[in-house]
Amino acid sequence: LPRVAIRPNAPAAGAAATMLGCEDSTLRRTAATVLPQLCNKGDATVLMQVLGYVENHPNAEARRDAIEVLGNIATRDSTAVKAVLKRLSEASTDDELHLVAESALRRIG
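Residues numbered from 1 in each chain as written. Predicted model: local features only at pLDDT ≥ 70, side-chain atom pairs only at ≥ 80, totals over all residues. Heavy atoms only, no water.

> What am I meant to see in the nonpolar core here?
Inside soluble globular proteins, nonpolar side chains tend to come together where they are buried. Leu 35, Val 50, Ile 67 and Leu 85 are the most contacted members of the largest nonpolar core, which has 33 residues in total. Of all the elements in the fold, those that place two or more residues in this core are helix 1 (10-19), helix 2 (25-38), helix 3 (44-56), helix 4 (60-73), helix 5 (79-91) and helix 6 (95-108). Ignoring sequence-local partners within four residues, the contact set of Val 50 consists of Ala 17, Leu 20, Leu 35, Ala 66, Val 69 and Leu 70. (Core = buried A, V, L, I, M, F, W, Y, C linked by side-chain atoms within 4.5 Å. Buried < 20%, exposed > 50% of the residue type's maximum accessible area, 1.4 Å probe, protein only. Helix = DSSP H or I, 4+ residues; strand = E, 2+ residues; numbered from the N terminus. Contact = heavy atoms within 4.5 Å.)

> So what exactly am I meant to see when it comes to the packing of helix 4 against helix 6 here?
Helix-helix packing is described using two parameters, namely the angle between the two axes and the distance between the axes. Relative orientation of the contacting elements helix 4 and helix 6 amounts to 10°, with a least axis distance of 8 Å. Taken as axis vectors, helix 4 and helix 6 run roughly parallel relative to one another. Listed contacts from helix 6 to Arg 63, Arg 64, Ile 67, Glu 68, Leu 70, Gly 71 and Asn 72 of helix 4 are Glu 96, Leu 97, Val 100, Ala 101, Ala 104, Arg 107 and Ile 108. When grouped by side-chain class, the residues that make up the contact of helix 4 with helix 6 number seven nonpolar, two polar and five charged. (Axes fitted to C-alpha atoms, helices over the stretch in contact; angles between N-to-C directions. Parallel < 35°, antiparallel > 145°, perpendicular 65-115°, else oblique. Nonpolar A, V, L, I, M, F, W, Y, C, P; charged D, E, K, R; others polar.)

> Would you explain helix 5 in this entry?
It helps to recall that an α-helix has 3.6 residues per turn; residues three or four apart then point in one direction. Between the first and last C-alpha of helix 5 there are 18 Å, a value that for 13 residues agrees with the 18 Å anticipated at 1.5 Å per step. Buried within helix 5 are the following residues: Val 81, Val 84, Leu 85, Leu 88 and Ser 89. In an axial view of helix 5, the angular spread of the buried residues amounts to 135°, which keeps them on one side of the axis. When the buried face of helix 5 is taken as reference, the exposed residues oriented beyond 90 degrees from it are Thr 79, Glu 90 and Ala 91. (Expected span 1.5 Å × (residues − 1). Arc of directions from axis to C-beta.)

> I'm lost on the pattern of salt bridges in this one. Help?
Side chains that differ in charge, positive against negative, can pair when their charged atoms come close. Per the stated rule, a full pass over the model turns up nine salt bridges. Residues Glu 61 and Arg 29 are paired through a salt bridge, measuring 2.5 Å at the closest nitrogen-oxygen approach. In this pair, Glu 61 is assigned in helix 4 and Arg 29 in helix 2, connecting sequence segments 32 residues apart. Overall, the relative accessible area of 26% leaves Glu 61 in the partly exposed class. The class of Arg 29 is partly exposed, set by a relative accessible area of 41%. The partner of Arg 107 in a salt bridge is Glu 68, and the shortest N-O contact between them spans 3.4 Å. Placement of Arg 107 in helix 6 and of Glu 68 in helix 4 is noted, with a sequence separation of 39 residues between them. You can call Glu 68 partly exposed: its relative accessible area is 31%. (Salt bridge = Lys/Arg side-chain N within 4 Å of Asp/Glu carboxyl O.)

In structure tokens, the structure reads:
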């Protein structure tokens, strides 16, 4: 999809962001790989959709995948994203989630 879609491509980015909520880990990871190629960094619509998965998805692995995506598409100006990632990096009881959130924060800057 990123090879044929012109960036930014809101419909394709929205579809990829929606796939981050899938229970199928292969689909989720594919979406996590292509999403940064389909949207501009700091795209508020995509960031809020992905942030929703971070905060509300029942599957911890899906939350970690969404955090990885945030680390790739958020900017220094993405204050809501940075606040959630900071909270997770400091207070998460899931060690892997904690580490992924810290890594995402470092990439955002």
